[in-house]
Amino acid sequence: MEDAKRALRSSDVFEGLSEAAVDLLAPAASRRELPPGALLFRQGTPRQAVYLLADGQVELTREQGGVTSRLVLLGPGETVGVGSLLHTSDHTTSARAVSHVSLWELPREAVRERLREDAGAALDVLSRVALVMSRHLQYQSPRAVGREKAYGSGASRREHDLLGDRDVPADALYGVQTLRAVENFAITGIPLAHFPALVRALAMVKLAAARANARLGLLSPAVAAAIEQASREVIDGHHHGHFVVDVVQGGAGTSTNMNANEVLANRSLEILGRPRGDYGACHPNNHVNLSQSTNDVYPTAIRIAAVLSLRPLLSALEKLRSALVEKGEEFHDVLKMGRTQLQDAVPMTLGQEFGAYAVTVGEDVARLRETSRLLLEVNMGGTAIGTGINADPRYPQIVLEELRAVTGLDLLLAENLVEATPDTGAFVMFSGVLKRVAVKLSKICNDLRLLSSGPRCGLSEINLPPMQPGSSIMPGKVNPVIPEVVNQVAFQVVGNDLAITMASEAGQLQLNVMEPIIAFNLFQSIEMLSAAVETLTLRCVRGITANRERSREMVERSIGIVTAVVPALGYERASEVAKEALASGRPVRELILEKGYLTAGQLDDLLSLEAMTRPRPLALGDRTV
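Rules behind the numbers
One numbering rule holds for all chains: residues counted from 1, following each sequence as written. Local features in this predicted model are restricted to residues whose pLDDT is 70 or higher, and side-chain atom pairs enter the listing and the counts only when it is 80 or higher, whereas totals over whole chains, interfaces and linings include all residues. Just so you know, side-chain values use all the structure's heavy atoms and leave hydrogens and water out. Nonpolar cores were defined as sets of buried Ala, Val, Leu, Ile, Met, Phe, Trp, Tyr and Cys residues, with membership established by side-chain atoms within 4.5 Å. Burial classes follow relative accessibility: with a 1.4 Å probe on protein chains only, a residue under 20% of its type's maximum area counts as buried, one over 50% as exposed, and anything between as partly exposed. Think of it this way: any DSSP run of H or I at least four residues long counts as a helix, any run of E at least two long counts as a strand, and we number them from the N terminus. When checking whether two residues touch, look at their non-hydrogen atoms; a contact exists if any pair is within 4.5 Å. Here a polar contact is recorded for every N or O atom pair within 3.5 Å, except that within protein the pair must consist of a potential hydrogen donor and a potential acceptor, and residues adjacent in sequence are included only if both atoms are side-chain atoms. Throughout, the arc means the angular range of directions from the helix axis out to the C-beta atoms. For two strands to count as paired, DSSP must find a minimum of two bridges between them. Lines fitted to the C-alpha atoms define the axes, with helices restricted to the stretch that makes contact. Angles between their N-to-C directions range from 0 to 180 degrees.

Enquirer: Give me the lowdown on the nonpolar core, citing residues and values where you can.
Expert: Within the largest apolar cluster, 120 residues are counted, with the highest numbers of intra-cluster contacts made by Leu 368 and Leu 536. No other element matches the 17 residues that helix H10 (residues 294-330) contributes to this core. If near-sequence neighbours (up to four positions away) are discounted, Leu 536 is found in contact with Leu 320, Leu 441, Cys 445, Leu 448, Ile 482, Val 486 and Val 541. In terms of nonpolar packing, the next biggest core, distinct from the first, is built from 26 residues, Ala 7, Val 22, Leu 115 and Val 132 among them.

Here you go:
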């Protein structure tokens with residue numbers, strides 16, 4: 001019983017409860033152990049209990065559109081499933097043990113039954129639950145977080161900077177410089193938290209810097225440990241809601257860097273047992289930003305975030321490639337007409353067409369992997385303009401070692417930090433490959449829309465899976481909405497690439513101040529492409545079927561098959577047959593037989609699937625070459 005009480009008092013939800021409330025809840029708690037990989041609960045199942053983590057780590061994930069994303073990593077003292085005490089809705093996430101986990105389980109019905117015994121304790125518990133859930137909504141969401149969520153309380157604290165004093169929301173982890181940036185840059189309405197990879201990358205850079213400064217004796221062990229813990233929490237998915245600065249901003253990313261510095265400083269102060277804003281113990285600039293400048297932190301974080309964000313896109317493209325390969329195999333014997341300039345060309349198989357799509361997607365995967373290696377070169381230690389001012393000479397190499405350990409990436413230190421600081425060429429190259437991917441995907445989608453056109457008055461060689469009614473006025477109409485949305489994503493990526501190109505060109509002297517718009521467009525392109533490719537695979541390609549009879553009928557009606565008999569008839573005679581077939585509407589085969597140019601057996605051989613869709617020795621008949 002005492003163990004259960006201690007767990008309740010140390011949890012992030014139930015700390016601060018009255019003794020009466022703790023005494024009431026403790027008997028409902030039971031201890032559970034979970035092995036690594038075990039599910040605590042699954043998305044879509046009813047909420048049945050609250051879980052207090054005593055030891056180990058649990059990841060919360062969400063599945064959407066067939067893609068599973070990690071939202072946050074929870075550890076000792078944190079609580080899962082608290083919403084079950086308020087209502088009986090389904091879980092919106094899944095919880096899985098990352099390591100061996102010890103936890104306390106408080107079943108919903110058992111807790112509610114005990115709370116009925118004491119109205120005061122019940123009010124105490126439910127008020128605490130509501131308060132914590134409110135804070136989670138304000139600060140814990142890793143995406144689509146607006147700055148309005150930073151004003152959940154009317155309480156404030158006074159902070160000071162170069163321009164004077166300002167009141168900052170008391171429950172905000174950010175500080176005065178972030179507040180000013182929020183006011184100055186109401187541009188897109190999209191905060192840093194919208195791109196979790198960038199927030200995590202910033203924390204990785206700060207963690208590596210803290211370790212490097214500690215190794216150099218520039219940070220006390222206690223402060224370095226606090227910054228490391230705070231950074232690790234952000235990497236695990238916590239506190240993202242406090243990254244409230246608009247992604248697009250002036251100042252070459254200084255507001256982004258200071259947002260990170262202030263969040264980590266204030267969280268470090270809490271870890272050290274100090275109040276937020278007590279910067280004498282841990283200062284955003286003097287401690288969190290030690291040996292750094294925005295001009296090496298920000299581009300390094302962008303590069304790391306881009307490489308990490310690329311992984312879902314590569315995974316999505318690999319799944320698309322595999323789906324296209326499967327369709328190629330499924331359609332290997334479906335004869336159809338190939339076309340050039342939208343005119344009948346020569347026969348092929350639908351399998352060859354889809355197999356070619358698979359190859360082009362695979363090529364894009366290879367190009368993305370190759371180009372992303374350019375992003376592994378960083379300028380950490382260059383500080384303001386690459387000269388390394390205010391950094392120990394040993395710092396660049398040490399921070400690189402630590403950053404490699406934190407990120408797991410094979411990062412390299414730029415050979416010349418003065419050159420590397422304003423250089424955004426890698427972003428231009430990488431964006432160019434993203435544009436290539438977008439353009440080729442769009443071409444595939446153009447083909448899918450053409451091949452499925454109809455269903456009665458178009459090509460109608462394939463059927464796309466019907467996803468939704470296509471018209472508010474025309475009954476029965478179904479549109480190719482998935483290829484259409486991928487087309488539109490491709491147009492956006494092409495536009496983003498132009499913006500990145502212009503921003504890179506706009507750099508001046510020792511710094512490119514346009515990196516915020518580069519970052520915004522780069523991450524938007526990666527995320528939109530990832531989502532578009534996943535959608536194309538799951539909601540379109542895997543459900544495509546072939547209209548075999550329709551495709552073969554068009555081949556047999558086409559004059560394009562005359563190409564297959566050119567080696568036997570010669571170009572001039574074959575041209576005469578084609579011209580007559582086009583004018584009369586009669587089949588090519590019928591005309592050749594009527595004229596006695598070839599026998600039925602010869603035509604069966606020349607117009608076979610094998611003969612028309614792949615190379616083979618030429619049958620020149622009685623002609624000489």
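Enquirer: Quick rundown of the side chain of Thr 360? Include the residues and the values.
Expert: In this structure, Thr 360 sits in helix H11 (residues 350-372). Thr 360 gets classed as buried once you look at its relative accessible area, which sits at 17%. A distance of 2.9 Å separates a polar atom in the side chain of Thr 360 from a polar atom in the side chain of Lys 440. Contact partners of Thr 360, with chain neighbours within four places excluded, come to Lys 440 and Ile 444.

Enquirer: Describe in detail helix H1 (residues 2-10), supporting the description with residues and values.
Expert: Those residues of H1 lying buried are Ala 4, Lys 5, Ala 7 and Leu 8. Down the axis of H1, the buried set is contained in an arc of 160 degrees. They therefore lie on one face. Against the buried residues of H1 lie helix H2 (19-25), strand S3 (49-55) and strand S8 (101-107).

Enquirer: Tell me about the environment of Ile 235, residues and numbers included.
Expert: Inspection of the secondary structure puts Ile 235 in helix H7 (residues 221-235). Along the backbone, Ile 235 and Leu 73 are 162 residues apart, and their C-alpha atoms lie at a distance of 8.8 Å. Beyond its immediate sequence surroundings of up to four residues, Ile 235 is in contact with Arg 200, Ala 203, Met 204, Leu 207 and Val 406.

Enquirer: Before we move on, can you summarise unusual backbone geometry with the specific residues and values?
Expert: The amide bond that connects Gly 454 to the next residue, Pro 455, takes the cis arrangement and shows omega of 10 degrees. Phi is positive for His 239, which is not a glycine, with a value near 65 degrees. Considering the arrangement of structural elements, one finds His 239 in the loop between H7 and helix H8 (254-271). At Gln 341, a position not held by glycine, the phi torsion is positive, near 55 degrees. Relative to the helices and strands, Gln 341 resides in the loop between strand S11 (335-340) and strand S12 (343-349).

Enquirer: Residues and numbers for the environment of Val 481, please.
Expert: Structurally, the position occupied by Val 481 is in helix H15 (residues 481-505). For Val 481, a relative accessible area of 19% puts it in the buried group. Expressed as a C-alpha distance, the spacing of Val 481 and Arg 539, which sit 58 residues apart in the sequence, is 9.8 Å. Apart from residues no more than four positions distant in its own chain, Val 481 is found in contact with Met 467 and Gln 468.

Enquirer: Requested: an account of the sheet that holds strand S5 (residues 67-74), with residues and values cited.
Expert: Within a sheet, neighbouring strands are paired by backbone hydrogen bonds and run either parallel or antiparallel to one another. With respect to topology, 4 strands assemble into an open sheet ordered S2-S7-S4-S5, the strand pairing being antiparallel. Edge positions in the sheet fall to strand S2 (39-41) and S5, since each has one partner strand and no second. Direction aside, the axes of adjacent strands within the sheet are offset by 30 degrees on average.

Enquirer: So what's going on with the sheet that holds strand S6 (residues 79-80)? Which residues, and what values?
Expert: Here 4 strands make up an open sheet; going across it, the order is S1-S8-S3-S6 and the pairing antiparallel. Both outer strands of the open sheet, strand S1 (30-34) and S6, are each paired with one neighbouring strand and no more. With 2 bridges joining them, S3 and S6 adopt antiparallel strand pairing. For Leu 52, the partnering residue across the bridge sits in S6 and is Thr 79. On the sheet, helix H3 (residues 108-115) packs against S3 and S8 and is oriented at approximately 50 degrees with respect to S8.

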